Amino acid sequence: MTVKEPIVLKDLPKDLDSNRLPKHIAVIMDGNGRWAKRRGRPRIMGHQRGVDTLKDLLRCCRDWGISALTAYAFSTENWGRPLEEVDFLMTLFERVLRRELQEMMAENVKIRFVGNLDVLSPSLQSEIFRAMADTENNTGVQFTVATNYGGRQEIVEGCRAIAQQVQQGLLKLEDINESIFEGYLYTKGIPDPDLLIRTSGEMRISNFLLWQLAYAEIYVTPTLWPDFDRHCLHKALLDYQQRERRFGKVGKT
Ligand code: FPP
């Protein structure tokens, strides 16, 4: 067994309170296409740059003591994009996984994919399962990639699985509660995000983590995803630390 280094906080901006950081950040990485278009480049260039942004953010989470990051890489609706863009994205996921696995191991990242993975190409599935298996015992940042993910689909699949258990007499109807139900979601075992960041200004959650985002703070920035760097994350965290999280209860005032 390899001995992993203890987490050492690095370069946390002084105006951030290390005790009030989100434990889990979810990101909707929007604006890649527009970023490329503004530079007169094909949309796929934006996705390529988006990967670099994601890598940097993952490192930033490690440095600042944020234990989980979930990224919306491909929604069930994204199949409706032009075929060449879908093909590019699928090849990009595969290439990134192959290229970055060693580094993820070295940086102690634990990667997990959530979504309906069965319909992905066999070669992509095999890279995904290899990366998940190899990094399973890593204890650093938990990095979740939502691929062919749809929040409604996840809930319907969960309902179907739970109904089957009831039908087979393995679960009693009266025993179903929120915590049992969570065990039937793709994100089983992953704590809910505290903060959702959406880039490029759109005020929507676009079928992302519909159950899990119930009490997340939402931060929307006009910055396009490829430009979302550490300074932008710092700003988002300052904003988050101004919020009073009440979880439906009465506030302090
Ligand atoms: C949305 O921008 C972005 C996507 C649908 C793809 C994001 C995927 C990555 C950055 C790759 C991640 C890779 C791994 C392996 C985790 P958009 O195309 O909708 O931008 P637009 O709104 O400007 O058109």
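See the structure shown above.
Below is a short write-up of the structure.

**Considering unusual backbone geometry**
Then comes step 1: With a phi close to 65 degrees, Asn207 is a non-glycine residue in the positive phi region.
Then comes step 2: Structurally, Asn207 can be placed in the loop between strand 5 (195-199) and strand 6 (217-221).
Then comes step 3: For Leu209, which is not glycine, the phi torsion reads 40 degrees and is therefore positive.
Then comes step 4: Mapped onto the secondary structure, Leu209 falls in the loop between strand 5 and strand 6.
Then comes step 5: Residue classification places Leu209 among the buried residues on the basis of a relative accessible area of 2%.

**Looking at the site of the ligand**
Then comes step 1: Taken together, 18 residues sit near the ligand, with Asp30, Gly33, Arg34, Arg43 and Arg81 positioned nearest.
Then comes step 2: One nitrogen or oxygen atom from the main chain of Asn32 is found 3.1 Å from an oxygen atom belonging to the ligand.
Then comes step 3: One nitrogen or oxygen atom from the main chain of Arg34 is found 2.7 Å from an oxygen atom belonging to the ligand.
Then comes step 4: Here the ligand, which alone exposes 640 Å², has 92% of that area covered by the protein.
Then comes step 5: Only helix 1 (32-38), helix 2 (43-64) and helix 3 (83-106) provide two or more residues apiece to the shell around the ligand.
Then comes step 6: The biggest single contributor to the shell around the ligand is helix 2, with five residues.

**A few points about the packing of aromatic side chains**
Then comes step 1: Under the criterion given, the structure shown has eight aromatic pairs.
Then comes step 2: Between Phe74 and Phe93 the ring centres are 6.4 Å apart and the planes differ by 85 degrees, which places this aromatic pair in the edge-to-face class. You can see Phe74 sitting in strand 2 (residues 68-75) and its partner Phe93 sitting in helix 3, a full 19 residues away along the chain.
Then comes step 3: Pairwise contacts between aromatic rings join Tyr72, Tyr149, Tyr186 and Phe208 into one cluster.

**Topic: the sheet that holds strand 5**
Then comes step 1: Ordered by their spatial adjacency, six strands build an open sheet running 3-4-2-1-5-6, and the pairing between neighbours is parallel. Looking along the sheet, the strands with just one partner apiece sit at the ends: strand 3 (110-114) and strand 6. Each neighbouring strand pair of the sheet contributes to a mean axis angle of 20 degrees, computed without reference to strand direction.
Then comes step 2: Across five bridges, strand 1 (residues 24-28) lies against strand 2 in parallel orientation. Within strand 2, the position partnered with Val27 by the bridge is Ala71.

**A closer look at the pattern of salt bridges**
Then comes step 1: Evaluation of the coordinates by the stated rule reveals 18 salt bridges.
Then comes step 2: For the salt bridge of Glu127 with Arg130, the shortest nitrogen-to-oxygen distance reads 3.1 Å. Of this pair, Glu127 and Arg130 both sit in helix 4 (residues 122-135), three residues apart, which is roughly one turn of that helix.
Then comes step 3: On the basis of relative accessibility, which here comes to 10%, the residue Glu127 falls in the buried class.
Then comes step 4: Using a relative accessible area of 38% as the deciding quantity, one classes Arg130 as partly exposed.
Then comes step 5: Taking the shortest distance from any N to any O, the salt bridge between Glu217 and Arg243 comes out at 2.9 Å.

What counts and how
- Numbers given for residues are sequential positions, taken from 1 along each chain in its written order.
- Local features in this predicted model are restricted to residues whose pLDDT is 70 or higher, and side-chain atom pairs enter the listing and the counts only when it is 80 or higher, whereas totals over whole chains, interfaces and linings include all residues.
- Derived side-chain values reflect all non-hydrogen atoms in the structure, with water molecules and hydrogen atoms excluded from consideration.
- Counting from the N terminus, the helices are the DSSP runs of H or I reaching at least four residues and the strands are the DSSP runs of E reaching at least two.
- Under the scheme applied here, a residue whose accessible area is under 20% of the maximum for its type counts as buried, over 50% as exposed, and between as partly exposed, the area being computed with a 1.4 Å probe on protein chains only.
- Each residue is tested against the molecule or strand, and it is near if at least one of its non-hydrogen atoms lies within 4 Å.
- Polar contacts, as counted here, are pairs of nitrogen or oxygen atoms within 3.5 Å of one another; within protein the pair requires one atom able to donate a hydrogen and one able to accept it, and residues that are adjacent in sequence qualify only if both atoms are side-chain atoms.
- All accessible-area figures derive from a Shrake-Rupley calculation using a 1.4 Å probe, and residue coverage is judged against the displayed protein chains alone.
- Only rings of Phe, Tyr and Trp enter the pairing, Trp through its six-membered ring, and a pair is recorded when the two centres are within 6.5 Å. The plane angle decides the type: under 30 degrees is stacked, over 60 is edge-to-face, the rest tilted.
- Here a strand pair is declared whenever DSSP counts at least two bridges between the two strands.
- Working convention: axes come from line fits to C-alpha atoms, limited for helices to the stretch in contact. Angles between N-to-C directions cover 0 to 180 degrees.
- The salt bridge definition used is simple: a Lys or Arg side-chain nitrogen within 4 Å of an Asp or Glu carboxyl oxygen.

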